Amino acid sequence: MELHNTYANTKSTYIYLLITAIVLTAFNLRPAITSLGPLIGMIQEDVGLAHWSAGLLMSLPLVVFAFMSPIVPKIANRISNEQTLLLGLSLLFIGIGIRSFPLTFLLFIGTVLAGMGIAIGNVLLPAIVKEKFPEKFGLMTSVYSTSMALIASLASGVSVPLAVGLDLGWKGAQVVWAIPAAIAVLVWFYLQKFNQQNHNEIKKVYISAKSIWGSVLSWQIAIFMGFQSLLFYVTISWLPEILHSRGMSMETAGWMLSFSQLMGLPASFFVPVWAGRLRSQIWLAFILNLSSMLGFAGLLWGSSYPILIISIILIGIGLGGTFPLALSYIGFRTRNASQAAALSGMAQSTGYILAAVGPLFIGYLFDHTHSWSIPLLTLIMITVIVMIFGMLAGRNKYV
């Protein structure tokens, strides 16, 4: 009886540690990117970047995601999920530190390292949740995707106050986000030691990629994930600039970006739960993308302050829901953790190739038109693509 209680307590401790580590990892998968949007003007002025170069800076992590994602499960097979995540979080910590120096070369090198760290967490979290919480996949996806959205919105909102209000500058405002990375490294390090002591290591993720890459449904999920990511990263990169062109101060525009992401938190939490209760997620994908479409249309054709606020809310709801829906598809459309890891790596690799061109292309359009009208029309058309492939991926099928 005592042995049984000891085992139960050990298992319970392990589960709580694992959930804590998952949430802390989720906390680190967005701030290194979302904190840049409101500061991009300061960085351009200090370092001397054109709009297209600033767009490249925002797109670079997505290029890294694309190339790293298929490699991550292979690394996890050779070592372990914990060690792989430790490696990723360490790279993120180092990358944030390097890019806080006002040199163009270090700015881009640090961004590459941070992108590598984020890519590792992006790929492994759905696979770990699928393996360790198969009956609660929707709920756990809600937990960590909402954690990601919460910290992303906070990073967007406090960037300018940290840089200006606390006089940290854009460099100090970036270093702040190395702190949660350091905390996550410590927790995963302890979790690894805990596993060694209790012989309860998380299983490695084994890949069965051939059928994944040949599946039409896999490509539909990848395209859906890619274009919804494009919309998200374009929004966090250029929404403050768009709002500033409408007469808002940059500090207010930064807070509006934060507000938009806060408005997406309910969708971020409830969408995976609702999706898990539905046999098909077709209508859910339609409604979320309709919200995004109306939001971008409001930014394009609206001129009054109330319309801008409503547009920001609609964009927040739409983008806040489509990302966790894409993560949910990885679990819902696979039969086991092996398939989930393979689909996660494939979808994020091919998907982020699409997403990577977003901030760069939108910045290029603005540089050549000197107006946000054509870029916003482009975003509306892309939202239609996201809607179509989200509905296709939402059918009740397996890869």
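Conventions used here
Residues numbered from 1 in each chain as written. Predicted model: local features only at pLDDT ≥ 70, side-chain atom pairs only at ≥ 80, totals over all residues. Heavy atoms only, no water. Helix = DSSP H or I, 4+ residues; strand = E, 2+ residues; numbered from the N terminus. Rg over C-alpha atoms; globule rule 2.2 N^0.38 Å. Buried < 20%, exposed > 50% of the residue type's maximum accessible area, 1.4 Å probe, protein only. Contact = heavy atoms within 4.5 Å. Areas by Shrake-Rupley, 256 points an atom, 1.4 Å probe, with all protein chains shown as cover. Lys, Arg positive; Asp, Glu negative; His and termini not counted. Charge placed at Lys NZ, Arg CZ, Asp CG, Glu CD. Phe/Tyr/Trp six-rings, centres within 6.5 Å; stacked < 30°, edge-to-face > 60°. Lys NZ or Arg CZ within 6 Å of the ring centre and 35° of its normal. Salt bridge = Lys/Arg side-chain N within 4 Å of Asp/Glu carboxyl O. Patch = residues over 30% accessible without salt bridge, like charges linked within 9 Å, V, L, I, M, F, W, Y side chains within 5 Å. Axes fitted to C-alpha atoms, helices over the stretch in contact; angles between N-to-C directions. Parallel < 35°, antiparallel > 145°, perpendicular 65-115°, else oblique. Left-handed = near helix turned anticlockwise from the far one by under 90°. Nonpolar A, V, L, I, M, F, W, Y, C, P; charged D, E, K, R; others polar.

Caption draft 1: Main features of the overall build of the protein. Helix and strand counts for the protein stand at 18 helices and zero strands. Whereas a compact globule of 399 residues would reach a radius of gyration of roughly 21 Å, the protein reaches 20 Å, a difference of no more than 12%. Its C-alpha atoms give the protein principal-axis dimensions of roughly 70 × 45 × 35 Å. Per-residue burial over the protein gives 60% buried out of 399 residues. Across the protein, contacts joining residues at least 24 apart in sequence account for 84% of those joining residues at least 6 apart. Carbon and sulfur atoms provide 70% of the accessible area of the protein, an area that totals close to 15700 Å². Across the protein, the 20 positively charged side chains and the 11 negatively charged ones have centroids separated by 18 Å.

Caption draft 2: The arrangement of the packing of aromatic side chains in detail. Going through the model one piece at a time under the given rule, you end up with nine aromatic pairs. The interplanar angle of 80° and the centroid separation of 5.5 Å between the aromatic rings of Trp283 and Phe286 together place this pair among those described as edge-to-face. Here the residue Trp283 and the residue Phe286 both occupy positions in helix α15 (residues 282-301), the gap between them amounting to three residues, near one helical turn. For Trp283, a relative accessible area of 62% gives the class exposed. Pairing Phe366 with Trp372 gives two aromatic rings, centres 4.3 Å apart and planes at 20°, and the pair type is stacked. Looking at Phe366, the relative accessible area reads 17%, which means it is buried. Its relative accessible area of 5% is what places Trp372 among the buried residues. Taken together, the aromatic side chains of Trp238, Phe366 and Trp372 make up a single cluster linked through ring pairs. Over the ring of Phe323 we find Arg30; its NZ or CZ atom is 4.7 Å from the centre of that ring.

Caption draft 3: Region of the structure containing the side chain of Glu241. Mapped onto the secondary structure, Glu241 falls in helix α12 (residues 216-245). Put simply, Glu241 is tucked away with no salt bridge, and the nearest opposite charge, on Arg246, sits 11 Å away. Excluding residues that lie within four positions of it along the chain, Glu241 makes contacts with Ile40, Gly41, Met250 and Trp372.

Caption draft 4: Molecular detail of the pattern of salt bridges. Applying the stated rule across the entire model yields one salt bridge. Between Asp46 and Lys171 there is a salt bridge whose closest N-O contact spans 3.5 Å. In this pair, Asp46 sits in helix α3 (residues 40-48) while Lys171 sits in helix α9 (residues 169-175), placing the two residues 125 residues apart along the sequence. The exposure class assigned to Asp46 is partly exposed, which follows from its relative accessible area of 41%. Judged by relative accessible area, which is 28%, Lys171 ranks as partly exposed.

Caption draft 5: Layout of unusual backbone geometry. Positive phi, close to 55°, is recorded for His370, a residue that is not glycine. In this fold, His370 is placed in the loop between α17 (337-369) and α18 (373-393). Under the relative-accessibility criterion, His370 is labelled exposed at 65%.

Caption draft 6: The arrangement of the side chain of Ser328 in detail. Position of Ser328 among the secondary structure elements: in helix α16 (residues 305-332). A relative accessible area of 0% places Ser328 in the buried class. In this view, Ser328 contacts Phe137, Thr141 and Pro272; residues no more than four positions away in its chain are not counted.

Caption draft 7: Examining a nonpolar patch on the surface more closely. On the surface, a nonpolar cluster with roughly 330 Å² of combined accessible area is contributed by Trp301, Ile374 and Leu377. By relative accessible area, Leu377 is classed as partly exposed at 35%.

Caption draft 8: Region of interest: the packing of α12 against α16. It is the contact of α12 with α16, at a shortest axis distance of 10 Å, that shows an interaxial angle of 150°. Judged on the interaxial angle alone, α16 and α12 are roughly antiparallel. Judged by the sense of rotation from one axis to the other, the crossing of α12 with α16 is left-handed. Between α12 and α16, the contacting residues are Ile221, Phe224, Met225, Gln228, Leu231, Phe232, Thr235 and Leu243 on the first element and Ile312, Ile315, Leu319, Thr322, Phe323, Leu325, Ala326, Leu327, Tyr329 and Ile330 on the second. Looking at the contact of α12 with α16, its residues break down into 15 nonpolar, three polar and no charged.

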